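Take a look at the letters that make up each chain.
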Amino acid sequence: MAPPMTTLKGEKFDRSLFESVLKRRFFFTESFEIYRLSANFKGDNRGLFDYGPPGCGLQANLVDAWRKHFVLEENMLELDCPVITPELVLQTSGHVDKFADWMCKDPVKGEYLRADHLVENVLESRLARGVNGPFKDSPKLDSSTIAEYNDILAKIDNFDGPELGDLIKRLDIRNPDGNGEVLPPIPFNLMFKSTIGPSAAAPVYLRPETAQGQFLNFKKLLDYNQGSMPFASASIGKSYRNEISPRSGLLRVREFLMAEIEHYVDPQQKSHSRFTEVSEVTLPLLDRETQLAGKTTPQTMTVNQAVTSKIIDNETLGYFLARVMLFLLKIGACPSKIRFRQHLANEMAHYACDCWDAELLTSYGWIECVGCADRSAYDLTVHSKYTGAPLVVKEALPAPVKVEEWQPTLDKKLIGPRFKRDAKAIHTTVDALDQASLKALAAELVKNGAVTINTPALSDGKTTVELSNELLTISQVTRSVTTREYTPNVIEPSFGIGRIMYSVLEHVYWHRPSDVARAVLSLPIAVAPTKVLIVPLSNQPQFTPLIRKLSTRLRSLGVSNNIDASNASIGKRYARNDELGTPLGITIDFDTVANGSVTLRDRDTMVQVRGPEDDVVQAVKNLVDGVESWEQVSQRLPPFLGQGHDA
């Protein structure tokens, strides 16, 4: 079980109070809400959310911070690809067949439940409340049952559908909503399917990730990069997953913003030129062996120690895990509420050979927010094999070398008349065969006199072709080569922006001492939706030109600001902007009219300093740019003692 969630100040976390702040301040709201609440509405709009002004501002600033931290810092090549993806692309990538979760149905209520979440929620409820879970008057579990449940929860991501079904049956796990029995788990594909054009003859899907568009453009990216390796591409955009039972607010939604990196690397050389810059970054690692032992406490070690001991497979993967850690800390995640969990074998994506999730602790438990996968050469290989496009790198060797290889030869005089318009597709398929496939086919050709090869759909609708030894010969030849050709491996950090945003908001939430109604979101100034609140002491007309001038001046410096000239007291105006995460406040009063000085307030400490407008504006700019800290500003500018005192 996850440890209990606490506020930034270490007090018990009350999710209802927290979410009431987010909704009251319009960080987000459920989409189509007035229809959902109407008496005539029928349908399922769960898992869809609208972001309000502060939510949009926070999301934009998170994306901006992400671009600066990764795209700009690593000189990545950014792409923007369409959401609509032809079915064939996702068939080739394996998503049509394998991108699925296991779900159970409650036949009485007609409700569908994700099987692993059902097991997890029920067992956690029993551990917290007793044998009957959410129901009252429940006897406590014995020590052996507690140990068994904790062991299952530690391995929950390693169970497949039949194993989850066995657990549900053996432990009598039921739908918590009504206590009804559920049917055995079945797979459910998570992609949204549609068609293009009036004939509906071209099936498509809404992409479940941005990655495929990046892979299909690999050759163009390599050429753009002057053929230099390694390099990385990046993409930010909406993705879609038809979640079985979307719950947990922004954490499990059907439309979401992703930011993904595909770092292309030589499979024989997975070192990283900048590894030494992050080698001493400390990571909390929950590796595969620890989980299989039924434990959930991470090991804390440096990235260098983890790579040297092979807990993390290679330098490039370790480098990006460290960079992810530094990014999460920069945007406000609490260090003690971050861990990196290695995927177990059964939960590994079909394309990955290793994967670590950066998980953030929330009131919903540990939530995967960033996935760092070593996708090996899977995607480039399958797309190249299907299309015949050479998604490979060619590098000049320092000196020629002799190599033995299998070489296929098609008899063009026979292939053309026999296969007519399919001849070109067959040629392309044979040319794309790798050495391992050619070796196996050569043996089969000798033994049987013919081989069957998978192809793209041919004119007769078939996806295989039989080639006899009259049409195809495969021989081993020795040749001198001056270039090395290889398919790159891909290291992929994949960020769920919405999940990160919600989790960070939980991490920075707290309330003033002894007053739960005075909530504060201590967002770092770099990502706060609005940087400065401008408040006049009152609605006196002489304040108006000063307010407008200051607001314009800050905007010209790229500093977002908001003016609150309402009739509420200054304390209340500051309090509601504390809930919006606004880090700084400038007050304009009668001393401003007299001598041009203003006060500057810090959100977290409520400390105020005073100085000439020029000095305060420069301090704000320095704080926003990260040149100065509040501690430095408060030492440089005198404290505010009240109106009428010398500043």
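Here, the structure is the one placed above.
Computed from a predicted structure; not experimentally measured.

## Let's talk about helix α7 (residues 143-154)
Here's step 1: Between its terminal C-alpha atoms α7 stretches 17 Å, which fits the 16 Å expected from twelve residues at 1.5 Å a residue.
Here's step 2: The complete set of buried residues in α7 reads Thr145, Tyr149, Ile152, Leu153 and Ala154.
Here's step 3: As for α7, its buried residues are in contact with α6 (115-129), α8 (161-170) and α12 (288-292).

## Quick look at the packing of helix α1 (residues 15-24) against helix α19 (residues 497-508)
Here's step 1: At a minimum axis distance of 11 Å, the contact between α1 and α19 shows a crossing angle of 115°. Our pair here, α1 against α19, has a crossing hand that is right-handed. Two secondary-structure elements touch here, α1 through Arg15, Phe18, Glu19 and Leu22 and α19 through Tyr502, Leu505 and Glu506.
Here's step 2: Its residues placed into classes, the contact of α1 with α19 shows four nonpolar, no polar and three charged.

## Comments concerning the sheet that holds strand β6 (residues 111-114)
Note: strands within a sheet are paired through backbone hydrogen bonds, in either parallel or antiparallel orientation.
Here's step 1: Strand order in this open sheet of three strands is β6-β5-β7, and the pairing throughout is antiparallel. Of all the strands in the sheet, the pair left with one neighbour each is β6 and β7 (186-189). Sheet twist, expressed as the mean angle between neighbouring strand axes with direction ignored, is 50°.
Here's step 2: Bridge count between strand β5 (residues 100-106) and β7: four bridges; the pairing is antiparallel. Residue pairing across strands places Ala100 opposite Asn189, the latter belonging to β7.
Here's step 3: Most of the contacts of α6 go to β6, to which it runs at about 80°, and overall it touches β5 and β6.

What counts, and at which threshold
Residues numbered from 1 in each chain as written. Predicted model: local features only at pLDDT ≥ 70, side-chain atom pairs only at ≥ 80, totals over all residues. Heavy atoms only, no water. Helix = DSSP H or I, 4+ residues; strand = E, 2+ residues; numbered from the N terminus. Expected span 1.5 Å × (residues − 1). Buried < 20%, exposed > 50% of the residue type's maximum accessible area, 1.4 Å probe, protein only. Contact = heavy atoms within 4.5 Å. Axes fitted to C-alpha atoms, helices over the stretch in contact; angles between N-to-C directions. Left-handed = near helix turned anticlockwise from the far one by under 90°. Nonpolar A, V, L, I, M, F, W, Y, C, P; charged D, E, K, R; others polar. Pairing = 2+ DSSP bridges.

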